Amino acid sequence: AKNCGKNNAKLYSSSLTMQIMSHVKLEVGLRKALQNDELYLLYQPQIDVASSQIVGFEALVRWRHPERGIISPTEFIPLAEETGLIVPIGEWVLRTACKQATGWQHPRRRPVRVAVNLSAKQFKDENLTQIVLSALHDSGLPAELLELELTEGTLMDDARATMVTLEQLRGIGVYLSIDDFGTGYSSMNYLKRFDVRALKIDKSFISGLPADSENAAITRAIIAMAHGLKMAVVAEGVETDAQLQLLEQYGCDMVQGYHLGHPSPPDSVQRMLSSQPEL
Ligand code: C2E
Ligand code: CA
Ligand code: CA
Ligand code: CA
């Protein structure tokens, strides 16, 4: 039994060493990813339920790793946050998305927003407001067509830099929304205070619909609350027509998910937009 424990410890520590090594290798690679042009954005459509029209696209970053192939943001964004690399990566995402979205606009079609994810770490950077202003200025994108997706954690963070930045962003007139709503700390108090325009109901609540009656109740309650506060609601992770029907019945404003469109490269975005009706 003694031996066995020793072997286990050894096994464990060697696999831990491997984990640490691959973590370090990934970090070294991530530092170079930006300059080597290995990051790119996909865009997932957000659809207005009432009109079935596209109102925006969420930018979702990918990393084309030279040896490992395509790496998901669920793997490298946490690493980027830990190392602070999220600041330059986030700036690249913001600038790229704004430039791309400027090209989406058409004089006879409804305006199309671009939504960019911001992690709490980016709010601690005192330059964030300047970066947002500069990305808007350089691209020519109107501020109201830039949506910034924050998490509840960001709004709960009472660090001074975060507060100041949120106040400044409101002044600029960007469209603020709360991502993954319902999964973090409750931020009810902050909803009014920061002039949040939309709540995105986390896909964990949507995935069990229509069968799951508890998640259905939560979804209805979030929609009712948001509308009471004059906010719009986006349901994420809509995968079936039955989910879409139910969300429409509940009065959900916008939907996003594989049923409506997968995260797609810029040329597909242009194709999707060219089939939108003219006003
Ligand atoms: P998120 O912001 O909640 O983004 C939605 C995720 O759900 C995306 O995963 C999207 O591809 C996926 N998704 C979309 N429709 C469906 C569906 O119908 N069913 C299911 N099961 N999933 C769906 P993705 O692209 O892997 O991104 C994962 C997370 O990585 C994002 O979650 C976001 O938190 C983070 N992320 C992605 N891009 C960025 C970025 O540029 N900056 C930051 N800070 N975070 C990012
Ligand atoms: Ca998001
Ligand atoms: Ca989300
Ligand atoms: Ca998320």
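The protein is annotated in an unreviewed UniProt entry as EAL domain-containing protein from Duganella callida.

1. A closer look at the coordination of the calcium ion (ligand 3)
Protein coordination at the calcium ion (ligand 3): the donors are Asp179 (OD), Asp180 (OD), Glu236 (OE) and Glu236 (OE), at 2.2 to 2.5 Å from the metal. Each donor residue of the calcium ion (ligand 3) lies on the same chain, and together they follow the pattern D-D-x55-E. Here the calcium ion (ligand 3) and the calcium ion (ligand 2) are spaced 3.9 Å apart, and both take Asp179 as a donor. You can see Asp179 sitting in strand E6 (residues 175-181) and its partner Glu236 sitting in the loop between strand E8 (232-235) and helix H11 (241-250), a full 57 residues away along the chain. Here Asp179 and Glu236 have matching classes, each one buried.

2. Some remarks on a nonpolar patch on the surface
Among the surface-exposed residues, Leu16, Ile20, Val24 and Val28 lie close enough to one another that they form a single nonpolar patch of about 310 Å² accessible area. Position of Leu16 among the secondary structure elements: in helix H1 (residues 2-33). On the basis of relative accessibility, which here comes to 32%, the residue Leu16 falls in the partly exposed class.

3. Observations regarding the environment of Pro277
Mapped onto the fold, Pro277 is located in the segment after helix H12 (266-274). With 83 residues separating them in the primary sequence, Pro277 and Phe194 have C-alpha atoms 34 Å apart. In contact with Pro277, not counting residues within four places along its chain, are Gln53 and Arg109.

4. Re the nonpolar core
Counting 76 residues, the largest nonpolar core has Leu30, Tyr43, Trp104, Val132, Leu146, Leu148 and Val174 as the members making the most contacts within it. In terms of residue count, helix H3 (residues 86-104) provides more of this core than any other element does, eight residues in total. Ignoring anything within four residues of it in the chain, the contact list for Val174 reads Val132, Leu136, Ala143, Leu146, Leu148 and Leu169. Counting residues in each nonpolar core, the second largest holds six residues, with Val55, Tyr175, Ala198 and Ala232 among its members.

Thresholds, definitions, all that
- Residues numbered from 1 in each chain as written.
- Chains lettered and ligands numbered in written order.
- Predicted model: local features only at pLDDT ≥ 70, side-chain atom pairs only at ≥ 80, totals over all residues.
- Heavy atoms only, no water.
- Donors = N, O, S within 2.8 Å, 3.2 Å for Na, K, Ca; no water.
- Helix = DSSP H or I, 4+ residues; strand = E, 2+ residues; numbered from the N terminus.
- Buried < 20%, exposed > 50% of the residue type's maximum accessible area, 1.4 Å probe, protein only.
- Patch = residues over 30% accessible without salt bridge, like charges linked within 9 Å, V, L, I, M, F, W, Y side chains within 5 Å.
- Areas by Shrake-Rupley, 256 points an atom, 1.4 Å probe, with all protein chains shown as cover.
- Salt bridge = Lys/Arg side-chain N within 4 Å of Asp/Glu carboxyl O.
- Contact = heavy atoms within 4.5 Å.
- Core = buried A, V, L, I, M, F, W, Y, C linked by side-chain atoms within 4.5 Å.

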